[in-house]
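Below are the chains, spelled out letter by letter.
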Amino acid sequence: MESLIQNILNALQWGSFYSLIALGYCLVYGVLSLINFAHGDIFMAGAYFAFFGATFLLGKTGVIPPGMPGWAVLALTIPISMILTSALGVTLERVAYRPLRRKGAHKLYVVITALMCGLVLENGNLALFGASRKNFPTLVPQIVYSLGGVSVTNLKVAVILVAVLSFLFLHYVVGKTKIGMAMQAISYDRFAVPLMGIPTDTVIVFTFVLGSSFAALAGVLFAMSYPVLDPFMGALIGWKAFIAAVVGGIGSIRGAFAGGFLLGFVEIMVVAFFPSTFRDLIAFSILLLILSLKPTGLFGVARRTKI
Amino acid sequence: MLLEIRDLRVKYGNIEALHGISFHVEKGEIVTLIGANGAGKTTTLHSIMRLPPPEAPKVLSGDILFEGMSLLSTEPHDVVRKLHVALVPEGRHIFGNLTVMENLTLATYARKDGASAISADLDRVFDLFPRLAERRNQRSESLSGGEQQMLALGRALMSKCQTLLLDEPSMGLSPLLMYEMFRTLKRLNEQGLTILLIEQNARLALRFAHRGYVLDTGEIVASGSSAELAADPAVKKAYLGG
Ligand SMILES: Nc1ncnc2c1ncn2[C@@H]1O[C@H](COP(=O)(O)OP(=O)(O)OP(=O)(O)O)[C@@H](O)[C@H]1O
Ligand SMILES: [Mg+2]
């Protein structure tokens, strides 16, 4: 019983990471029908920006004297990483995707461009900072709460809480605000959006800002939970989050969350009963089965309605 | 002159669709552009709205002037929100994944004149089209074709336009509704709305408009007051069924 609850907590934590990343795939796909394969690397960049932000604030670079309390460093690191990662996401949109969109390029070229952008980010990181892994500093001391044999850290609780709040926030923004409606409108009929006096590109940039910010948030939390960073850390987790988004029903925010948590659960539960080398094999076989039964994903709607 | 098209040539890819057309619309007028399928009517309206590539035709030469200012480097959303020009596009292009109300709200995206002005306009649209009011919370995908056309027009009115470009607005409407809509448009015109109308039904268009132009494969071949055009033997033969 205890170990079951323990596993559920772990599943929720991993589900949170997948969900936060899956969101970015979901938003960009929902608005542009573009699978932004660079998104896993945007997550990686989020973790690195957090790393540089935190080490800078901790004074390890010698620029500012050490002594800032850990929680304050964290409180500053999160927005720093979100802002810089958004800037990176928007840069990709401006220099890589927008020109193709303007020329009416076929989707295949846009997807390949996204893949290449991801490779550029990974290898750019490798070239700039080398292959050595970075150790993310401990910003907030871990507190372990034990409740009848089940132990949970403050960090784990925070990760899950952040994912849930992010979901509620996005659900509100996309469903209830004007810019959210504009995002939905673009996904349905991009042609008519400027006719409403809406600057399409601004809405698209906003979409990238949202997706990248949440990837950054996932990056910070991931770096705090598993404090070893390397340039390729976003590749596999990005793929997994993408698969989670598709299984949930790509284009649907609820789907991205459901898919992320589903993947988290399947992975953790597989490991609970099988050797850990079986994890991805069995997890993805299950997802494959779900997709073959419901090709539009759990929350997917057939045809053009997305987000 | 409110709107002046001066010797406009545009192309799609390598195909020239307009070969240097010129016409103008004065403030407060109703002007119609008639022509056969593929003549370039929709192309003309899309050029005026400055819709972005890849959908939009590319301007080769000539100019589009609004109150004397060239629109060639204006963004489409600025044509709507700064110059208060609206287009009811061919094929309606409503946002089917949004409700009727959300479609109408979205059209007020760039308005800065406050909630009370917007809600007054909303009342006006619902007054014109009571069916939209009844279906305000329905996904607009599930509206009938005619209701979608009403929504497309309602959306344009919600954007607080002073110049309205209409691309075959009667498409899908029953004759009764069509006459009702034209009466409504006439009333809006009397209140100051300038209208540039494209209409398959040339007879109806010429009855409704003050002036008109005839477009034939990318060239303007005739122009004049509606009465003159309606009496022109060539126009009669080609567009009014003899
Ligand atoms: N997006 C496009 N790409 C390439 N060619 C186009 C495009 N849109 C229109 N054309 C061509 O430009 C010409 C004019 O088309 P347009 O749509 O302006 O005609 P129209 O007068 O509105 O016709 P209709 O009465 O059938 O709506 C046609 O020959 C058409 O094939
Ligand atoms: Mg047309």
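Quick caveat: nothing in here was measured; it's all calculated off a predicted structure. (Residues numbered from 1 in each chain as written. Chains lettered and ligands numbered in written order. Predicted model: local features only at pLDDT ≥ 70, side-chain atom pairs only at ≥ 80, totals over all residues. Heavy atoms only, no water.)

Asks: Break down the sheet that holds strand 5 (residues 69-70) of chain B for me, with residues and values.
Replies: Residues and elements named next belong to chain B. Overall, antiparallel pairing links the four strands, which are arranged 2-1-4-5 in an open sheet. A strand with exactly one partner marks an edge of an open sheet, and here the two such strands are strand 2 (15-25) and strand 5. Sheet analysis places strand 4 (residues 58-66) next to strand 5, joined by two bridges and oriented antiparallel. Each residue of the ladder has a partner; that of Phe-66, found in strand 5, is Met-69. Sheet strands touched by helix 1 (residues 41-49): strand 1 (3-12), strand 2 and strand 4. Its angle to strand 2, the strand with the most contacts, is close to 70°. (Pairing = 2+ DSSP bridges. Helix = DSSP H or I, 4+ residues; strand = E, 2+ residues; numbered from the N terminus. Contact = heavy atoms within 4.5 Å. Axes fitted to C-alpha atoms, helices over the stretch in contact; angles between N-to-C directions.)

Asks: Describe the packing of helix 8 (residues 233-248) of chain A against helix 10 (residues 279-293) of chain A, listing the residues and the values that go with them.
Replies: All names here are of chain A. The interhelical angle for the contact between helix 8 and helix 10, taken along N-to-C directions, is 25°, at an axis separation of 10 Å. Classified by the angle their axes make, helix 8 and helix 10 are roughly parallel. For the pair helix 8 and helix 10, the crossing hand works out as left-handed. Packed against helix 8, whose contacting residues are Leu-236, Lys-240, Ile-243, Val-246 and Val-247, the element helix 10 presents Arg-279, Asp-280, Phe-284, Leu-287, Ile-290 and Leu-291 at the interface. (Parallel < 35°, antiparallel > 145°, perpendicular 65-115°, else oblique. Left-handed = near helix turned anticlockwise from the far one by under 90°.)

Asks: Kindly report on the interface of chain A and chain B, identifying the contributing residues and their values.
Replies: In this assembly, 26 residues from chain A lie in contact with 29 residues from chain B. Both sides of the chain A and chain B interface together cover about 2,500 Å² of buried area, and 69% of this is carbon and sulfur. Contact with chain B buries surface across chain A, with Phe-191, Leu-195 and Met-196 of chain A losing the most and accounting together for 30% of the total. Summed over the shared surface of chain A and chain B, the number is zero salt bridges. If you look at where chain A meets chain B, you find four residue pairs in polar contact (both at pLDDT 80 or more). (Buried area = accessible area lost by both parts, 1.4 Å probe. Salt bridge = Lys/Arg side-chain N within 4 Å of Asp/Glu carboxyl O. Polar contact = N/O pair within 3.5 Å; in protein donor to acceptor, adjacent residues only side chain to side chain.)

Asks: Describe in detail the pairing of strand 6 (residues 85-88) of chain B, supporting the description with residues and values.
Replies: All names here are of chain B. Of the two faces of strand 6, the one holding Val-85 and Leu-87 and the one holding Ala-86 and Val-88 are both buried throughout. Bridge analysis of strand 6 against strand 7 (residues 163-167) gives four bridges, and the strand direction is parallel. Bridging across to strand 7, Leu-87 finds its partner in Leu-165. (Buried < 20%, exposed > 50% of the residue type's maximum accessible area, 1.4 Å probe, protein only.)

Asks: Which residues make up the site of ligand 1, and what values go with them?
Replies: Residue and element names in this part refer to chain B. Among the 13 residues in the neighbourhood of ligand 1, the closest are listed as Gly-38, Lys-41, Thr-42, Thr-43 and Glu-90. Separating an oxygen atom of ligand 1 from a side-chain N or O atom of Thr-43 is a distance of 2.4 Å. For ligand 1, the accessible surface in isolation is 630 Å², of which the surrounding protein chains cover 61%. Counting residues per element, the shell around ligand 1 draws most heavily on helix 1, at three residues. (Near = heavy atom within 4 Å. Areas by Shrake-Rupley, 256 points an atom, 1.4 Å probe, with all protein chains shown as cover.)

Asks: Can you tell me about a nonpolar patch on the surface, naming the residues and giving the values?
Replies: Residue and element names in this part refer to chain A. On the surface, Leu-108, Tyr-109, Ile-112, Leu-115, Met-116, Leu-236 and Trp-239 cluster together into a nonpolar patch covering about 710 Å² of accessible area. At the level of elements, helix 4 (107-129) and helix 8 are the ones that each hand at least two residues to the nonpolar patch. If you tally residues by element for the nonpolar patch, the top one is helix 4, at five residues. (Patch = residues over 30% accessible without salt bridge, like charges linked within 9 Å, V, L, I, M, F, W, Y side chains within 5 Å.)

Asks: Tell me about the pairing of strand 1 of chain B, residues and numbers included.
Replies: Working note: regular strand, side chains alternate between the two faces of the sheet. All names here are of chain B. Where strand 1 meets strand 2, eight bridges bridge the pair, whose relative direction is antiparallel. Looking across to strand 2, one finds that Arg-9 is bridged to His-19. Alignment of strand 1 against strand 4, held across seven bridges, turns out to be antiparallel. Bridge pairing links Val-10 to Val-59 in strand 4.

Asks: Please provide a residue-by-residue account of the coordination of the magnesium ion (ligand 2), values included.
Replies: The magnesium ion (ligand 2) binds to the protein through Thr-42 of chain B (OG1) and Glu-90 of chain B (OE), with metal-donor distances spanning 1.9 to 2.6 Å. With a gap of 48 residues between them, Thr-42 of chain B in helix 1 and Glu-90 of chain B in the loop between strand 6 and helix 3 (100-106) connect regions that are remote in the sequence. (Donors = N, O, S within 2.8 Å, 3.2 Å for Na, K, Ca; no water.)

Asks: So what's going on with empty space enclosed by the protein? Which residues, and what values?
Replies: Scanning the entire structure with this criterion turns up two cavities of 30 Å³ or more. The space that makes up the largest cavity amounts to roughly 50 Å³. Lining the largest cavity, in full, are Leu-195 and Met-196 of chain A together with Ala-86, Leu-87, Ala-107, Ala-152, Arg-155, Ala-156 and Ser-159 of chain B. Going through the elements one at a time, strand 6 and helix 6 (145-158) of chain B are the ones with two or more residues in the lining of the largest cavity. If you tally residues by element for the lining of the largest cavity, the top one is helix 6 of chain B, at three residues. Of the residues assigned to the lining of the largest cavity, the class counts are seven nonpolar, one polar and one charged. Approximately 40 Å³ is the volume attributed to the second largest cavity. In terms of lining, the second largest cavity is formed by Phe-129, Gln-149, Met-150, Leu-153, Leu-173, Leu-177 and Met-181 of chain B. Breaking the lining of the second largest cavity down by element, the ones donating at least two residues are helix 6 and helix 7 (175-190) of chain B. (1 Å grid on protein atoms, 1.4 Å probe; cavity = no way out; pocket = protein on both sides within 12 Å on 5 of 7 lines; lining within 4 Å. Points joined across faces, edges and corners; volume = space filled by probe spheres on them. Nonpolar A, V, L, I, M, F, W, Y, C, P; charged D, E, K, R; others polar.)

Asks: Got a sec to walk through the nonpolar core? Specific residues and values, please.
Replies: Core analysis: the largest hydrophobic core is formed by 173 residues, its most contacted members being Tyr-97 of chain A together with Leu-164 and Leu-185 of chain B. Counting residues per element, this core draws most heavily on helix 1 (residues 2-32) of chain A, at 14 residues. No fewer than three residues from each of domain 1 (1-84 + 162-173 + 194-242) and domain 2 (91-160) of chain B sit in this core. With sequence-adjacent residues up to four places away left out, Leu-164 of chain B is seen in contact with Ala-86, Val-88, Leu-153, Ala-156, Leu-157, Leu-185, Leu-193, Thr-194, Ile-195 and Leu-196 of chain B. (Core = buried A, V, L, I, M, F, W, Y, C linked by side-chain atoms within 4.5 Å. Domains from an automatic or database assignment.)

Asks: Please set out the packing of aromatic side chains residue by residue, giving values where relevant.
Replies: Residues and elements named next belong to chain A. Evaluated as defined, the whole model comprises 21 aromatic pairs over all chains. Summarising the aromatic geometry, the rings of Trp-14 and Phe-222 are spaced 5.8 Å apart at their centres and angled 80° between planes, so their arrangement reads as edge-to-face. With a gap of 208 residues between them, Trp-14 in helix 1 and Phe-222 in helix 7 (residues 200-225) connect regions that are remote in the sequence. For Trp-14, a relative accessible area of 19% puts it in the buried group. Ring plane angle 35° and centroid distance 5.9 Å describe the contact between Tyr-97 and Phe-208, whose orientation is recorded as tilted. Here the residue Tyr-97 occupies a position in helix 3 (residues 70-102), and Phe-208 occupies one in helix 7, the gap between them amounting to 111 residues. (Phe/Tyr/Trp six-rings, centres within 6.5 Å; stacked < 30°, edge-to-face > 60°.)

Asks: Any chance you could break down the environment of Ser-19 of chain A for me, citing the residues and the numbers?
Replies: Residues and elements named next belong to chain A. Inspection of the secondary structure puts Ser-19 in helix 1. In this structure Ser-19 touches Ala-256, Phe-257, Gly-260 and Phe-261, once residues within four positions along its chain are discounted. Of the polar contacts made by the side chain of Ser-19, one reaches the backbone oxygen of Gly-15; its length is 2.7 Å.

Asks: Describe unusual backbone geometry, listing the residues and the values that go with them.
Replies: All names here are of chain B. Here the phi dihedral of Glu-168 falls at roughly 55°; this positive angle occurs in a residue that is not glycine. With respect to the helices, strands and loops of the structure, Glu-168 is situated in the loop between strand 7 and helix 7. Residue Glu-168 is classed as buried on the basis of its relative accessible area, which comes to 6%. Phi angles above zero are rare outside glycine, and Thr-217 is one such case at about 35°. Following the sequence through the fold, Thr-217 ends up in the loop between strand 9 (211-216) and strand 10 (219-225).

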